[in-house]
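Now for the letters of each chain:
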Amino acid sequence: MKTLSNKNIVITGASSGIGREIAIEASHLGASVILIARKKEGLQATYERLKAGDHIVFSSDITNYMELEPLITKAVQKTGKISGFVHAAGIEMTMPFRNMKPDYYEKIFGINVIAGLELARIISKKNYLDESGGSFVFISSVMGKFGKEGKVAYCASKAALTSSIKAMALELSQKKIRCNAILPGVVKTSMVENMFASLPDSSVEEIIKQHPLGLGLPEDIAHIAVFLLSDKAKWITGSEIVIDGGYSAG
Amino acid sequence: MKKKDFYKDLLEYLELDETNLDETTNLKALEGFDSMSILSVIAFCDEKFGKKFTAQQLNAIITVKNLMELIGMEEFED
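Computed from a predicted structure; not experimentally measured.

So, about the sheet that holds strand β4 (residues 84–87) of chain A. Residues and elements named next belong to chain A. Spatially, β3-β2-β1-β4-β5-β6-β7 is the arrangement adopted by the 7 strands of the open sheet, whose pairing is parallel. At either margin of the open sheet sits one strand with a lone partner, and together these are β3 (56–59) and β7 (240–243). Averaged over all pairs of adjacent strands, the angle between strand axes in this sheet comes to 15°, irrespective of strand direction. Across 4 bridges, strand β1 (residues 8–12) lies against β4 in parallel orientation. Bridging from a neighbouring strand, Thr12 pairs with His87 of β4.

In structure tokens, the structure reads:
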């Protein structure tokens, strides 16, 4: 039996990058995946790379918080109760602190933090959660622990995410839900490509140099995510797992 | 946008000690202009003109006039 057989797993940010790779890998390990993202074309491209199964795709803006519970209800009606959740949706913002505005923080926190916590809260309800419990995985960032110029909002949002899983792990242990955060360094995704385009070449070179093993690939993160989703990780909760090619070793 | 408002807003965004700008000012030679300043200029162009530029595009900019030409001279009036 494959390690994720009989597990239904909700994945946000599934239209590209890390979310897409986790969806693909989870499907190959036997999971049915429920993919959520805004971009229809990206979701379709992910869907086409899944191993065949009872997968569902929802094109939705996860910051429309009132739409999240109906979406989860629909998913449970179609595939059965949920035993895994991955919040991989996230946006990046590189902006000098002096030019930040309150709505920039609201936007980044809405996607990176609030939508993930709200989905976790909904999925943890007994109507939606598998009787055997569940595993929630939040894709945070090493930037939630280490500062970087121009990234006050991003760092704050990822630090909030990393902290929240600890409180969540304590509260949800009674429901047999494990909550963990993965803290990647810079991973080659379309989001990072866009970020690099907005930075001077010297800054890009510096970021690459800060990763002794080079930049990561989405599958480097997906391998750990599927492990945390599996029962092999049954004694791991409240943990922050750093995967950063040596970024934080220096 | 009136040119004098453009100079004033740009200075405010960059938070530099310089108090006067005009078309001939060499932006990169201004004291305190650094890699974060490039990001400020990108944010400024997006916010004020709805135009998104990359750092590579801004690397070619030397004077304030170069920046105005990148934004589009039709956006400015005396």
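Anyway, onward from the coordinates.
With that settled, the discussion passes to the side chain of Lys158 of chain A. Residue and element names in this part refer to chain A. Topologically, Lys158 is positioned in helix α5 (residues 152–172). Buried within the structure, Lys158 lacks any salt-bridge partner; its nearest side chain of opposite charge belongs to Glu92, at an N-O separation of 11 Å. Setting aside its immediate chain neighbours within four residues, Lys158 contacts Asn112, Ile139, Ser140, Ser141 and Gly144.

Moving on: helix α4 (residues 102–123) of chain A. For α4 of chain A, which comprises 22 residues, the first-to-last C-alpha distance of 30 Å matches the rise-based estimate of 32 Å (1.5 Å per residue) to within 8%. Taken residue by residue, α4 of chain A has Tyr104, Ile108, Gly110, Ile111, Asn112, Val113, Ala115, Gly116, Leu119, Ala120, Ile122 and Ile123 of chain A as its buried positions. Summarising the contacts, the buried residues of α4 of chain A are in contact with β1, α3 (68–79), β4, β5 (134–139) and α5 of chain A together with α2 (35–49) of chain B.

The rules behind these values
Residues numbered from 1 in each chain as written. Chains lettered and ligands numbered in written order. Predicted model: local features only at pLDDT ≥ 70, side-chain atom pairs only at ≥ 80, totals over all residues. Heavy atoms only, no water. Pairing = 2+ DSSP bridges. Helix = DSSP H or I, 4+ residues; strand = E, 2+ residues; numbered from the N terminus. Axes fitted to C-alpha atoms, helices over the stretch in contact; angles between N-to-C directions. Buried < 20%, exposed > 50% of the residue type's maximum accessible area, 1.4 Å probe, protein only. Lys, Arg positive; Asp, Glu negative; His and termini not counted. Salt bridge = Lys/Arg side-chain N within 4 Å of Asp/Glu carboxyl O. Contact = heavy atoms within 4.5 Å. Expected span 1.5 Å × (residues − 1).

Taken by themselves, the reported measurements are silent on function.
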